[in-house]
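Residues per chain, in single letters:
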Amino acid sequence: MPDRAAILKFITESYEPAGKREIAKHFKLRGAEKIALKALLKDMADEGLIDSAPGRAFHKMGGLPKVTVLKIIEVEGRELIGVPDNWQAEGMPAPKVRISERGRSGALAVGDRVLARTEEAGSGYRAFVMKKLQRAGEQLLGVVERDDANGKLWLKPVDKRIRRLVPISDPGKAEPGQLVLAEQSGLRDRVSAKVTEVLGEPFAPRSFSLIAVHKFGIPLEFPEEAITEAERAAKLPLTPDMREDLRHVPIVAIDPVDARDHDDAIWAAPDEDPANPGGYRAIVAIADVSYYVRPGGAIDRSARKRGNSVYFPDRVVPMLPEVLSADMCSLKAGQDRAAMVCHLVIDAKGKLTSWKFTRAIVRLAGNIAYEDAQAAIDGEKPHDLTDSVLRPLWACWKLLFKAREAREPLDLDLPERRIVLDEAGRIVSVATRERLDAHRLVEDYMIAANVAAAKALEAKKAPVVYRVHEPPSREKLVALKDYLETFEISFALGQVVRPSTFNGILAKVTDETVKPLVMEQVLRSQTQAYYGPRNMGHFGLSLASYGHFTSPIRRYADLLLHRALVDGFGLEQPNTPKLDLPPTTGLADHDAASLDRICQLISQFERRAMEAERETVDRYVAAFLATRVGEIHKVRITGVQNFGFFATIEEFGGDGLVPVSTLGAERFWYDEKAQTLTGETTGEQYAVGQRLELRLAEADPITGAVKFELPEGGNFMRTPYRGRPDGKPGGNRPGRPPIKRRGRPSNIRHQSR
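The rules behind the values
- Residues numbered from 1 in each chain as written.
- Predicted model: local features only at pLDDT ≥ 70, side-chain atom pairs only at ≥ 80, totals over all residues.
- Heavy atoms only, no water.
- Helix = DSSP H or I, 4+ residues; strand = E, 2+ residues; numbered from the N terminus.
- Buried < 20%, exposed > 50% of the residue type's maximum accessible area, 1.4 Å probe, protein only.
- Contact = heavy atoms within 4.5 Å.
- Areas by Shrake-Rupley, 256 points an atom, 1.4 Å probe, with all protein chains shown as cover.
- Core = buried A, V, L, I, M, F, W, Y, C linked by side-chain atoms within 4.5 Å.
- Salt bridge = Lys/Arg side-chain N within 4 Å of Asp/Glu carboxyl O.
- Patch = residues over 30% accessible without salt bridge, like charges linked within 9 Å, V, L, I, M, F, W, Y side chains within 5 Å.
- Lys, Arg positive; Asp, Glu negative; His and termini not counted.
- Charge placed at Lys NZ, Arg CZ, Asp CG, Glu CD.
- Axes fitted to C-alpha atoms, helices over the stretch in contact; angles between N-to-C directions.
- Parallel < 35°, antiparallel > 145°, perpendicular 65-115°, else oblique.
- Left-handed = near helix turned anticlockwise from the far one by under 90°.
- Nonpolar A, V, L, I, M, F, W, Y, C, P; charged D, E, K, R; others polar.
- Arc of directions from axis to C-beta.
- Expected span 1.5 Å × (residues − 1).
- Phe/Tyr/Trp six-rings, centres within 6.5 Å; stacked < 30°, edge-to-face > 60°.
- Lys NZ or Arg CZ within 6 Å of the ring centre and 35° of its normal.
- Pairing = 2+ DSSP bridges.
- pLDDT = per-residue confidence, 0-100.

Across its full length, the chain carries 17 helices and 34 strands. For the chain, the proportion of its 753 residues judged to be buried stands at 51%. Long-range contacts, defined here as pairs at least 24 residues apart, represent 67% of the contacts in the chain between residues at least 6 apart. Put simply, the chain shows about 35,400 Å² of open surface, and 50% of that area lies on carbon and sulfur atoms.

Written out as structure tokens, the structure is:
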């Protein structure tokens with residue numbers, strides 16, 4: 001029998017479409033071998049190695065079938081660019097394909113569909129047209145609206161980037177006001193939509209997250225086989241002879257008051273070893289998800305397609321079925337639970353001197369909310385575990401915090417919005433999450449365990465899934481330098497950039513009204529973190545080796561790291577054949593060989609989740625603001641473009657646009673470097689960081705879009721500007737502090753209303 005690598009090589013290099021028959025013929029398989037091949041191909045598809053095309057031919061996942069349907073999306077000179085018409089590699093971007101026409105060029109246009117033969121060309125693909133196909137409709141997610149004047153139905157897309165309404169040709173059973181999926185067809189001014197699925201009431205509780213689930217293609221339901229396997233796995237035995245028994249240790253979990261799962265718990269005590277004076281021993285206990293979720297099983301395949309749990313204000317879309325994520329893998333006080341435990345020894349300077357990993361049984365002494373733990377330490381609220389558990393945890397954390405301060409990680413303390421809902425799912429308020437020492441404590445224990453896990457696997461020369469955060473690119477540093485110059489803050493590009501470099505920049509900003517803006521710009525200058533099998537370090541945390549070990553309930557990367565620890569430290573558990581589960585709890589050989597591809601997938605799934613969560617919060621905030629349209633709010637300008645500026649309501653968030661057309665009956669100069677708009681007639685200036693009052697003009701919960709306008713309304717003419725005493729451009733209305741800027745650079749664009 002060929003192995004996975006051999007089959008994948010044949011599928012990739014075969015000139016003709018390669019189905020099961022062609023693979024069997026190439027490897028000369030007979031009888032029972034063909035049956036085994038069928039099972040192997042199914043496993044490879046479930047593992048995300050291959051995908052099947054129409055006609056049952058296979059191709060590499062993330063690649064293209066030898067013959068496929070392409071949709072033309074752009075024309076570059078005489079060359080056509082297309083994408084697969086039916087792309088199902090979840091989380092992977094559809095490849096762009098250069099298409100060569102046969103015969104007379106110019107016969108194909110944007111929007112056309114073609115049947116084409118494809119081949120790899122360097123790092124991309126080239127396709128050769130076989131025949132032109134009929135155009136197919138595109139799916140749109142939107143809300144049905146009725147025109148009161150003529151009764152005609154229109155579709156309002158939920159994507160704020162689509163600003164036009166689409167006429168509905170066939171509403172099906174949809175009613176005005178309902179959220180629907182529709183198929184778009186037609187050309188230019190003849191585009192129409194046919195409703196294919198009614199999703200319900202868009203303003204009902206839980207609908208805002210449902211919009212994101214459908215828009216981003218997040219799997220919502222688990223396959224029946226995954227649920228069945230999870231129910232069997234939940235019956236796995238926990239006996240002391242198989243694990244270290246830590247039930248006597250008063251380990252606690254400190255989590256948000258509204259936490260949906262509890263996958264980490266901690267304990268610390270002074271180290272009695274005379275060789276470590278002033279040091280501590282600590283335990284970080286993590287839910288042993290790898291014991292229940294076995295490589296290649298139905299739960300594992302489903303978890304890999306999700307990559308992570310997705311957290312919305314009104315629901316969580318879990319990575320694992322709830323019988324595991326909310327029950328057997330959730331560390332609950334007073335209940336025996338399977339845990340992967342990191343034993344740490346910490347010296348008086350907060351340095352990790354040694355670590356050990358075991359599989360254990362734990363019985364938590366308590367599940368404590370962050371606020372309650374902080375109140376107990378501050379003496380504001382009594383707790384039974386204050387002296388026995390919490391004070392030693394805080395004392396050990398002070399050592400870890402001392403070490404953290406010494407390595408000077410990036411210190412960006414930006415506010416986080418929190419949507420507060422009532423029991424019916426209605427919005428009560430939008431608030432900023434309070435940042436407590438209790439949050440920092442748990443964070444530093446988790447960081448210590450993550451470092452230990454990465455270094456432990458490196459010592460074993462075992463595979464590691466690293467959490468990688470690379471230093472900023474030169475292009476982003478140049479943009480940051482230009483931005484800082486507008487505040488007269490120097491930033492040398494030739495220096496070796498470290499996290500402490502950015503901390504030094506923030507320390508120079510003494511104006512508290514400007515500091516959040518500089519923080520946001522520093523954040524934008526950073527690269528996006530990702531998962532990878534090669535160690536590139538974690539720039540932001542100022543750490544040389546860093547993995548994610550602490551949240552396997554909600555992150556597939558952590559589950560892979562746990563499996564690697566099982567192999568590296570000989571922590572395999574005896575099999576229980578009667579439960580019909582895959583035998584091993586370690587890292588499968590084919591996963592170890594393809595970590596690069598798996599890491600790319602889960603990094604893409606993470607970005608998908610972040611976008612979905614952010615858009616959903618925007619919709620909730622817009623819904624909260626919809627009842628306040630017309631009110632005056634204190635805002636801060638967060639961005640300036642040639643078409644207007646963006647502002648955020650300081651009290652509870654809500655990012656909105658002020659179009660330049662509403663700023664008055666005059667022309668405005670846009671200074672890209674200084675991020676300002678300056679009125680040609682009045683000298684009125686709008687700059688990043690500026691605080692002002694605006695009227696809320698519009699808040700659309702469906703798209704999440706918010707718009708503001710000046711309190712006095714748009715398109716009025718102010719008193720002509722006579723110039724500032726110092727002769728510089730700018731000028732402010734009475735009561736507004738001047739924005740200190742350097743002279744106008746040469747890259748100014750002229751913007752008219």
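The rest of the description comes next.
What follows is about the nonpolar core. Burial of nonpolar side chains together is a common tendency in soluble globular proteins. Formed by 59 residues in total, the largest nonpolar core has its most connected members in Phe502, Val518, Phe645, Leu663, Leu694 and Phe708. Top element by residues in this core is helix 17 (residues 595-625). It accounts for 7 residues. Beyond its immediate chain neighbours, meaning those up to four positions away, phenylalanine 645 contacts Ile637, Gly639, Val640, Gly656, Leu657, Val658, Leu663, Leu677, Tyr686 and Leu694. In this structure, Ala373, Trp397, Tyr445 and Ala448 belong to the second largest nonpolar core, which totals 56 residues.

Here we take up the pattern of salt bridges. For the coordinates displayed, the defined rule picks out 29 salt bridges. Here aspartate 288 makes a salt bridge to arginine 359, at a shortest N to O gap of 2.8 Å. Placement of the pair is aspartate 288 in the loop between strand 16 (280-287) and helix 6 (289-292) and arginine 359 in strand 20 (residues 352-363), with a sequence separation of 71 residues. For aspartate 288, a relative accessible area of 0% translates into the label buried. Here aspartate 372 ties to lysine 381 by a salt bridge, and the two come within 2.9 Å at their closest N and O atoms. A residue is classified by how much of its surface remains accessible, and aspartate 372, at 29% relative accessible area, is partly exposed. A residue is classified by how much of its surface remains accessible, and lysine 381, at 39% relative accessible area, is partly exposed. Members of the salt-bridge network, linked through shared partners, are Asp159, Lys215, Glu615 and Arg619.

Among the surface-exposed residues, Lys20, Arg21, Lys28, Arg30, Lys34 and Lys38 lie close enough to one another that they form a single positively charged patch. Mapped onto the fold, lysine 38 is located in helix 3 (residues 32-46).

Here the focus is the packing of helix 12 (residues 474-485) against helix 14 (residues 515-525). Contact geometry for helix 12 and helix 14: axes closest at 9 Å, N-to-C directions at 165°. Judged by the inter-axis angle, helix 12 sits roughly antiparallel to helix 14. The chirality of how helix 12 crosses helix 14 is right-handed. Of the residues in helix 14, those touching helix 12 at Lys476, Leu480, Tyr483 and Leu484 are Leu517, Val518, Gln521, Val522, Arg524 and Ser525. Its residues placed into classes, the contact of helix 12 with helix 14 shows 6 nonpolar, 2 polar and 2 charged.

We now examine the environment of proline 472. Along the chain, the position of proline 472 falls in the loop between strand 24 (466-468) and helix 12. You can call proline 472 buried: its relative accessible area is 11%. Among all residues touching proline 472, those that are not within four sequence positions of it are Leu477, Phe502, Ser525, Gln526, Thr527 and Phe539.

Moving on, we come to the packing of helix 4 (residues 207-215) against helix 17. The interhelical angle for the contact between helix 4 and helix 17, taken along N-to-C directions, is 150°, at an axis separation of 9 Å. The angle between the axes of helix 4 and helix 17 places the two elements in the roughly antiparallel class. The interaxial crossing formed by helix 4 with helix 17 has right-handed handedness. Residues Phe208, Ser209, Ile211, Ala212 and Lys215 of helix 4 lie in contact with helix 17, whose contacting residues are Ala612, Glu615, Thr616, Arg619, Tyr620 and Ala623.

In this section: helix 5 (residues 224-233). Considered for burial, the residues of helix 5 that qualify are Ala226, Glu229, Ala230 and Ala233. For helix 5, the angular spread of the buried residues around the axis is 105°, confining them to a single face. Contacts from the buried residues of helix 5 go to helix 6, helix 7 (298-306) and helix 8 (322-328).

For glutamate 408, which is not glycine, the phi dihedral falls at a positive 55°. Tracing the backbone shows glutamate 408 in the loop between helix 10 (386-407) and strand 22 (417-421). The class of glutamate 408 is partly exposed, set by a relative accessible area of 40%. Phi is positive for serine 542, which is not a glycine, with a value near 60°. Considering the arrangement of structural elements, one finds serine 542 in the loop between strand 25 (530-532) and helix 15 (556-568). Taking relative accessible area as the criterion, serine 542 reaches 28% and is therefore assigned partly exposed.

Moving on to helix 10. The end-to-end C-alpha separation of helix 10 is 30 Å, in line with the 32 Å expected for 22 residues at 1.5 Å each. What helix 10 keeps buried is the set Thr386, Val389, Leu390, Pro392, Leu393, Trp394, Cys396, Trp397, Leu399, Leu400, Ala403 and Arg404. One or two residues past the end of helix 10 sits glutamate 408, with phi positive at roughly 55°.

Another aspect to go through is the packing of aromatic side chains. Tallying each qualifying case throughout the model produces 11 aromatic pairs. Ring geometry for tryptophan 397 and phenylalanine 401: centres 5.4 Å apart, planes at 50°, overall tilted. In this pair, tryptophan 397 and phenylalanine 401 are both assigned in helix 10, 4 residues apart and thus about one turn of the helix distant. Classification of tryptophan 397 as buried rests on a relative accessible area of 6%. Relative to phenylalanine 646, the ring of phenylalanine 643 lies with its centre 6.0 Å away and its plane at 85°, an arrangement referred to as edge-to-face. On the accessibility criterion, phenylalanine 643 (40% relative accessible area) is partly exposed. Phenylalanine 646 sits in the partly exposed class, given a relative accessible area of 30%. An aromatic cluster is present here, built from Phe357, Phe549 and Phe569 joined pairwise through their rings. Directly above the ring of tyrosine 291 sits arginine 243, whose terminal nitrogen or CZ lies 4.6 Å from the centroid.

This part takes up the pairing of strand 32 (residues 691-700). The pairing of strand 26 (residues 632-641) with strand 32 spans 5 bridges and is antiparallel. By the bridge assignment, isoleucine 632 is partnered in strand 32 with arginine 695. When strand 32 meets strand 33 (residues 705-709), the two strands line up antiparallel, connected through 5 bridges. Residue pairing for strand 33: arginine 695 is matched across the bridge by glutamate 709. Hairpin geometry of strand 32 and strand 33 is characterised by an intervening segment of 4 residues between the two adjacent antiparallel strands and by a positive phi of about 85° at glycine 704.

What follows deals with the confidence of the model for the chain. Overall, the prediction assigns the chain a mean pLDDT of 84, with 88% of residues at 70 or greater. Predicted confidence in the chain is weakest over strand 34 (residues 748-751), with a mean pLDDT of 36, and strongest over strand 16, with 98. Taken together, the stretch residues 715-753 has pLDDT below 50 and engages in 91 contacts with residues farther than four places along the chain or on a different chain.

Turning next to the side chain of glutamate 606. Note on placement: glutamate 606 falls in helix 17. With near-sequence residues (within four places) excluded, glutamate 606 lies in contact with Asn308, Arg467, Ala529 and Tyr531.

In this section: the environment of alanine 204. Mapped onto the elements, alanine 204 comes out in the loop between strand 12 (192-200) and helix 4. C-alpha separation for the pair alanine 204 and arginine 426, spaced 222 residues apart in sequence, amounts to 8.3 Å.

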